[in-house]
Amino acid sequence: QIIATAERALRQLEAKPVLGGAYTVVLDPMLTGVFIHEAFGHLSEGDNVYENERMKEILALGKQIAVPELTVVDSALVPDLPGTYVYDDEGVEARKTILVENGILKNRLHSRETAAKMSELNTGNGRALTTNFSPIPRMTNTYIDKGDVSFDEMISDIKEGIYAIRMLGGQTNGELFTFSSGEAYMIKNGKIAEPVSDVTLSGNVFQTLKDIDAVGDDLTFTSGSCGKCGQNGLPVGVGGPHIRIKNV
């Protein structure tokens, strides 16, 4: 791990700042996982929907909100991940919840309270950081399910694009997001080219979900922690394959 970190640092010493603009961007699995957690996962939590009339309209169940190739899952049943458990903190049995299936919004994440208020299925996502807090809707292990496109296929027809790796930092504001990648490279004529720095990706999550035009075949998970309503450091898992997004 120390050697890998040092090698990344040395590569970035040679990196020149990226020229701003709209590119086709490929996200590595770690950045894919953080993106879907931060930009979409929080919008899937029941309290973030029923308290917001605009989100109720945008996130109507049964609505096509993404490309047909995209499926998004939150599951407390994936073995050996931080967000895995048998029962949530309200005693509801854990489950695998498909949030988006083939681009269609299917479910959202609920505690007992939000499921009752919205007359929807309780998904077993009532989580509390400690017994000092009340359970609220929280993610478990959230990921974009794998597709069938290899990484080489994904970059093969990109004339000029960016390969973004790992998240350095970022923020979301409703449906808007901004993420900085920890490492990045230009893609030129279907090949990974020179390293670039200062790569910050921004956009509207709902437009971005419709601009994903390739989903990789290499699903990977990583560990993380999540903060919400003063309950910071809740263990979660994030995951996904490589994805390709146009016009970022």
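The structure displayed is predicted, hence computed values, not measured ones. (Residues numbered from 1 in each chain as written. Predicted model: local features only at pLDDT ≥ 70, side-chain atom pairs only at ≥ 80, totals over all residues. Heavy atoms only, no water.)

Draft legend 1. Representation of the overall build of the chain. Helix and strand content of the chain: seven helices and 16 strands. In terms of C-alpha radius of gyration, the chain reaches 18 Å, essentially the compact-globule figure of 18 Å for 248 residues. Overall size of the chain, expressed as C-alpha extent along the three principal axes, is 55 × 40 × 30 Å. Looking at the 248 residues of the chain, the share that counts as buried comes to 49%. Taking as baseline every contact in the chain between residues at least 6 positions apart, the subset at least 24 positions apart corresponds to 72%. Counting only carbon and sulfur atoms, one obtains 50% of the accessible surface of the chain, whose full area is about 11,700 Å². The positive charge centre, built from 23 side chains, and the negative charge centre, built from 33, are 2 Å apart in the chain. (Helix = DSSP H or I, 4+ residues; strand = E, 2+ residues; numbered from the N terminus. Rg over C-alpha atoms; globule rule 2.2 N^0.38 Å. Buried < 20%, exposed > 50% of the residue type's maximum accessible area, 1.4 Å probe, protein only. Contact = heavy atoms within 4.5 Å. Areas by Shrake-Rupley, 256 points an atom, 1.4 Å probe, with all protein chains shown as cover. Lys, Arg positive; Asp, Glu negative; His and termini not counted. Charge placed at Lys NZ, Arg CZ, Asp CG, Glu CD.)

Draft legend 2. Looking closely at the sheet that holds strand S4 (residues 96-101). The strand order S5-S4-S3-S8-S15-S14 describes an open sheet built from six strands, whose pairing is mixed. Lying at the two open borders of the sheet, with one neighbouring strand each, are strand S5 (104-105) and strand S14 (220-228). In the sheet, strand S3 (residues 72-75) pairs with S4 via four bridges, with the strands oriented antiparallel. Paired with Asp 74 across the bridge in S4 is Thr 97. Its contacts with the sheet put helix H2 (residues 29-41) on S3, S4, S5, strand S8 (141-144), S14 and strand S15 (231-240), and the angle it makes with S15 is roughly 130°. (Pairing = 2+ DSSP bridges. Axes fitted to C-alpha atoms, helices over the stretch in contact; angles between N-to-C directions.)

Draft legend 3. Here's a closer look at the pairing of S4. Both S4 and S5 contribute to a ladder of two bridges, which runs antiparallel. Bridged to Val 100 within S5 is Leu 105.

Draft legend 4. Spatial organisation of the packing of aromatic side chains. Summed over the entire model, instances satisfying the criterion amount to five aromatic pairs. Summarising the aromatic geometry, the rings of Tyr 143 and Phe 221 are spaced 5.0 Å apart at their centres and angled 75° between planes, so their arrangement reads as edge-to-face. With Tyr 143 in strand S8 and Phe 221 in strand S14, the pair connects residues that are 78 residues apart, well separated along the chain. Tyr 143 sits in the buried class, given a relative accessible area of 7%. Between Phe 177 and Phe 179, the ring centres sit 5.6 Å apart and the planes meet at 25°, which makes this aromatic pair stacked. Through successive ring pairs, a cluster of aromatic residues spans Phe 35, Phe 177 and Phe 179. (Phe/Tyr/Trp six-rings, centres within 6.5 Å; stacked < 30°, edge-to-face > 60°.)

Draft legend 5. Summary view of unusual backbone geometry. The phi dihedral of Asp 80 falls on the positive side, at around 65°, and the residue is not glycine. Although it is not a glycine, Asn 189 adopts a positive phi angle of roughly 50°. Residue Asn 189 is classed as exposed on the basis of its relative accessible area of 60%.

Draft legend 6. The nonpolar core, seen in detail. In this structure, Leu 27, Phe 35, Phe 40, Leu 59, Leu 70, Val 205 and Leu 209 are the most contacted members of the largest nonpolar core, which totals 43 residues. Broken down by element, this core gets its largest block of residues, five residues, from H2. If near-sequence neighbours (up to four positions away) are discounted, Leu 209 is found in contact with Phe 35, Ile 36, Phe 40, Ile 65, Ala 66, Val 67 and Leu 70. If you look at the next biggest cluster of nonpolar residues, it comprises 10 residues, including Ile 158, Tyr 163, Ile 165 and Ala 214. (Core = buried A, V, L, I, M, F, W, Y, C linked by side-chain atoms within 4.5 Å.)

Draft legend 7. Geometry of a negative patch on the surface. The grouping of Glu 69, Asp 148, Asp 152, Glu 153 and Asp 217 at the surface amounts to a negative patch. Position of Asp 152 relative to the elements: it lies in helix H6 (residues 151-156). (Patch = residues over 30% accessible without salt bridge, like charges linked within 9 Å, V, L, I, M, F, W, Y side chains within 5 Å. Salt bridge = Lys/Arg side-chain N within 4 Å of Asp/Glu carboxyl O.)

Draft legend 8. Up close: the pattern of salt bridges. All told, the structure shown has 10 salt bridges when counted by the stated rule. The partner of Arg 244 in a salt bridge is Asp 157, with the nearest N and O atoms 3.0 Å apart. With a gap of 87 residues between them, Arg 244 in strand S16 (residues 243-245) and Asp 157 in the loop between H6 and strand S9 (160-173) connect regions that are remote in the sequence. Assessed through its relative accessible area of 11%, Arg 244 is described here as buried. Its relative accessible area of 55% is what places Asp 157 among the exposed residues. Put simply, Glu 183 and Arg 166 hold a salt bridge, and the shortest N to O gap is 3.8 Å. One end of the pair, Glu 183, is in strand S10 (residues 176-188); the other, Arg 166, is in strand S9, and 17 residues separate them in sequence. Judged by its relative accessible area of 3%, Glu 183 falls in the buried class. With relative accessibility at 21%, the residue Arg 166 sits in the partly exposed group. Linked by salt bridges that have partners in common, Glu 45, Asp 47 and Lys 228 make up one network.

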